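Summary of structural features
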Amino acid sequence: MNAPSPISDPEVTTISLPIEGMTCASCVGRVERALKDVPGVTAASVNLATERASVTAPASLDPARLVAAVEKSGYSVPSTTIELPVLGMTCASCVGRVERALKKVPGVTDAAVNLATERATIHATSGVSQEDLVQAIQKSGYEVPASAIEFQVEGMTCASCVGRVERALKAVPGTTGATVNLATERATVQGSADPSDLIAAIAKAGYSAQRIGAPVVQTDQPEDTPDRKEAERLQLKRDFTLAAVLALPVFLLEMGAHLIPGVHGLIERTIGMQANWYIQFALTTLVLFVPGIRFYEKGLPALWRLAPDMNSLVAVGTLAAYGYSMVATFAPSFLPAGTVNVYYEAAAVIVALILLGRLLEARAKGRTSEAIKRLVKLQAKTARVRRDGAVQDLPIAAVLLGDIIEIRPGERIPVDGEVTEGDSFIDESMITGEPIPVAKAIGAQVVGGTVNQQGAFAFRATAVGGKTVLSQIIRMVEEAQGSKLPIQALVDKVTMYFVPAVFAVAALTFAAWLWFGPSPALSFALVNAVAVLIIACPCAMGLATPTAIMVGTGRGAELGVLFRKGEALQLLKDARVVAVDKTGTLTEGRPALTDLELAPGFDRADVLARVAAVEAKSEHPIARAIVEAAADEGLTLPAITEFASVTGFGVKAMAGGERVEIGADRYMAQLGLDVAPFAAIAERLGGEGKSPLYAAIGGKLAAIIAVADPIKASTPGAIKALHDLGLKVAMITGDNARTARAIAQRLGIDEVVAEVLPDGKVAAIQRLRAEHGKVAFVGDGINDAPALASADVGLAIGTGTDVAIEAADVVLMSGSLQGVPNAIALSKATIGNIRQNLFWAFAYNTALIPVAAGVLYPAYGILLSPVFAAGAMALSSVFVLGNALRLKAFKAPE
């Protein structure tokens, strides 16, 4: 029996190491000897060509010892650091298990796992696959959550490029989903795939990509520093200018001879027709291979990969016209009699016109992302921080949690915090959309990006960096702008086959004209085939949806409506019922003194001060509301003695030397006081869902009081706006039915579901959906989270709880219900805009490709010049972008 090989032993493994610095056979021998000297290594071989070492050793051997041996011999092992989140660990033994699993992955030199942060930091040689690391963690019984990675993708020009990049990304092992946005030029990939593998896949598809880190607001960059898009626009401007200057003489020399009488003879008498063609050849060559080289660098490789795109159409069309003209110029004997002609002007002018279209697109794309740029500019650059007994001006990135920050009049708040000294008024319109400055005193919350008015104060930082409200708003808008709506699925299917279909139509056009066309058939065949290639524009299809989403969500952010999920843009327009929670949504969410009616002979300020002084001894919400009302009016409360609570009736005390008794009507009856003078007022309050209290002072009935959760001032207008949009409004609340019905009657709400628990709200939404159609639910509290998640679209009041906001699809930053009709109207406008764009893009191609192929020639003698085809192609994309930009002027419904 043969002895088992070392590799078959489960305790033995083969470790592969990349080695840098080897130049000859002696280097190989030196590394091999160094590796074999490591205790436990049974074999080691080094390949100079691949620059790799293969080491057989016990599985327990620390790879770091091999790396150290290589480095000691004078060479290096290239390494990389990878961080992965790990879920499911509960103790130190879990940490050890994950570390051992990672260290067994070939190429891993070290692995450290942190239980507190639930992250693994892996040091490995270059070439180690992230997918292998993820699988090792999963095999050890733990989980690596799928993460989303963003890439900036360069080189995409049309919808077929988008589909090609998406297919390439989805083919990478570990990818669970990938979406690509042409307007933002970004790819978002879900899963555990290695970013380097994803970048390589994009490169293999013919494009270039760069990973985008976590959203960070840059504050140390000058505002006038041109970004990548601006650099691209400037390059396009230079290329178009050069192409136009070179193409204009070509156009005048060729088309002037055809269109202007006498020009043909003038050219023949002066420079001669052959010299004319030589000049056109020289200028066209410069146009095609200097400013126009971009089309061939991208289009031809895509064609070789059998994955043609927009650049391929332009490349083949212009090269066909250019090549035919070259043969006519330098070897006319190869062409049939009567077909010798040049089309240099078509090739040159096509490149110039398409560059013009690209330039206009770049300008319009820049305008679609203005919302994000404006939000970023709201971030302060520096903060005045108290440190070590002194005040220092620090970059915003250096501010830490707990820092005390000073704010002067007119300054922008750098980060979120809580006021600790002073008071002021702050313009919070960028968050709430409300133009009236908000009073801030000690204990009040301030939001980074808002603007201080006249006062000076100090505050403690409670959120910095990516945790601030402004950073979260920017992140939400970016995510919504990069999302792909369900309506895009149709576009993706069409564009996948569009460019190959255009090539097929162009080939068919060429063959048909060559076979059936009039003389010179070859010239007609060439011109019409080129026209088909040039006029087919998938750019408009690819831009139709993402540009509208970008502008729509950006306009929403300006109105205080944040779409956390792009899908909500499409779904919200289909809502038939808007269901709303009462407390905190329709109402202010806290009890307040709403009514104080006096008996004859009593003064309001005196009565309120005495009643508040007594109620200050109670912790009941109604009592707190009365005390707050007295404080808001600046009243001084009298001293209290002999305070007592009368169980089931009310409270009493001596306030400023007078006996004060407060309670319900039965308490007044017990005191022998007749409440009949207030009967009409009590009946009105009851109809409004309020429970009246009475106050007696000095043994006399002094006042009737009502405390309730007041309706927000913006609520009635918002309900009317929803009705104007043709929507039903339902109230779903846990409050008592009488109060709910009273509020619903005052506001004109169509349906009331009261006294329900959180699961009852979900059941009510399901019933409303079955009866009326899609339901949008609006809420603000923790108890609203299940309903927000179960509704077709959940809208959270931005002043509500984090739990509610996380469960929602849309966040209304203003805290006003008016945001709901604004969001729905914006949804309708955006989806309508997308449909207009898609109709134009599809109708344009459906109508003009046959025209370019020459279907009108037999009946009307009409042919479409490739030059006009290029102009029409550029116009289609510019039209789509211009139409999307109209959303910037969207006006919220009154």
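In this text, all values refer to a predicted model and were calculated from it rather than measured experimentally.

Within the largest apolar cluster, 136 residues are counted, with the highest numbers of intra-cluster contacts made by Met156, Leu169, Phe563, Val778 and Leu795. Counting residues per element, this core draws most heavily on helix H30 (residues 819-853), which supplies 14 residues. Beyond its immediate stretch of four places on either side in the chain, Val778 contacts Val578, Ala579, Val580, Asp581, Thr585, Leu795, Ile797, Leu812, Leu817 and Val820. Membership of the second largest hydrophobic core comes to 23 residues, among which are Val607, Ile697, Ala702 and Ala703.

What follows is about the packing of helix H11 (residues 310-330) against helix H17 (residues 521-535). The interhelical angle for the contact between H11 and H17, taken along N-to-C directions, is 160°, at an axis separation of 8 Å. Between H11 and H17, the angle falls in the class roughly antiparallel. Handedness of the H11/H17 crossing: left-handed. Contact residues: H11 offers Met310, Leu313, Val314, Val316, Gly317, Ala320, Ala321 and Tyr324, while H17 offers Leu522, Ser523, Leu526, Val530, Leu533 and Ile534. Residue classes in the contact of H11 with H17 are distributed as 12 nonpolar, 2 polar and no charged.

UniProt's feature table lists "transmembrane region" (unreviewed entry) at residues 240-263, 275-293, 313-335, 341-360, 494-516, 522-545, 838-857 and 863-885, given in the numbering used throughout. Across residues 275-293, helical content stands at 84% and strand content at 0%; the span's end C-alpha atoms are separated by 25 Å. The span residues 838-857 shows a helical share of 85% and a strand share of 0%, and its end C-alpha atoms are spaced 28 Å apart.

Applying the stated criterion to the full structure yields 17 salt bridges. Measuring nitrogen to oxygen at the nearest pair gives 3.3 Å for the salt bridge that ties Glu150 to Arg186. Here Glu150 is found in strand E7 (residues 147-154), whereas its partner Arg186 is found in strand E9 (residues 186-191), with 36 residues between them in sequence. The class of Glu150 is partly exposed, set by a relative accessible area of 23%. Note that Asp606 and Arg610 form a salt bridge whose closest N and O atoms lie 3.0 Å from each other. With Asp606 and Arg610 both in helix H21 (residues 604-615), this residue pair falls 4 residues apart, about one helical turn.

On the surface, a nonpolar cluster with roughly 220 Å² of combined accessible area is contributed by Leu242, Leu286 and Val290. Relative to the assigned elements, Leu242 resides in helix H7 (residues 228-259). In this structure Leu242 comes out as partly exposed when scored by relative accessible area, which is 34%.

On to the sheet that holds strand E23 (residues 640-646), then. The strand order across the open sheet formed by 6 strands is E22-E27-E26-E25-E24-E23, and the pairing between neighbours is antiparallel. Of all the strands in the sheet, just strand E22 (592-598) and E23 have a single pairing partner and so form its edges. Adjacent strand axes in the sheet meet at a mean angle of 20°, parallel and antiparallel pairs treated alike. Relative to strand E24 (residues 650-655), E23 runs antiparallel, the two being bridged by 5 bridges. Residue pairing in the sheet places Val646 in a bridge with Gly650 of E24.

Relative to the elements of secondary structure, Arg384 occurs in strand E11 (residues 382-387). Looking at Arg384, its side chain comes within polar contact range of the side chain of Glu411, at 2.7 Å.

In this section: the packing of aromatic side chains. What the rule picks out here adds up to 14 aromatic pairs. Between the aromatic rings of Phe457 and Phe459, the centroid separation amounts to 6.3 Å while the plane-to-plane angle is 45°, which identifies the pairing as tilted. In terms of burial, Phe457 and Phe459 fall into one category: buried. Taken together, the aromatic side chains of Tyr278, Phe281, Phe289, Tyr296, Tyr322, Phe330 and Tyr344 make up a single cluster linked through ring pairs.

What follows covers the pairing of strand E27 (residues 700-708). Burial analysis of E27 places 8 of its 9 residues in the buried class, which makes it a mostly covered element. Across 6 bridges, the pairing between E22 and E27 is antiparallel. The residue bridging Glu597 from the neighbouring strand is Ile704, located in E27. The pairing of strand E26 (residues 692-697) with E27 spans 6 bridges and is antiparallel. Across the sheet, residue Ala696 finds its bridge partner in E27, namely Leu701. What sits between the antiparallel neighbours E26 and E27 is a turn of 2 residues, in which Gly698 has the positive phi angle 65°.

Calculation criteria
Residues numbered from 1 in each chain as written. Predicted model: local features only at pLDDT ≥ 70, side-chain atom pairs only at ≥ 80, totals over all residues. Heavy atoms only, no water. Core = buried A, V, L, I, M, F, W, Y, C linked by side-chain atoms within 4.5 Å. Buried < 20%, exposed > 50% of the residue type's maximum accessible area, 1.4 Å probe, protein only. Helix = DSSP H or I, 4+ residues; strand = E, 2+ residues; numbered from the N terminus. Contact = heavy atoms within 4.5 Å. Axes fitted to C-alpha atoms, helices over the stretch in contact; angles between N-to-C directions. Parallel < 35°, antiparallel > 145°, perpendicular 65-115°, else oblique. Left-handed = near helix turned anticlockwise from the far one by under 90°. Nonpolar A, V, L, I, M, F, W, Y, C, P; charged D, E, K, R; others polar. UniProt positions renumbered as here; feature names shortened; annotations may be inferred. Salt bridge = Lys/Arg side-chain N within 4 Å of Asp/Glu carboxyl O. Patch = residues over 30% accessible without salt bridge, like charges linked within 9 Å, V, L, I, M, F, W, Y side chains within 5 Å. Areas by Shrake-Rupley, 256 points an atom, 1.4 Å probe, with all protein chains shown as cover. Pairing = 2+ DSSP bridges. Polar contact = N/O pair within 3.5 Å; in protein donor to acceptor, adjacent residues only side chain to side chain. Phe/Tyr/Trp six-rings, centres within 6.5 Å; stacked < 30°, edge-to-face > 60°.

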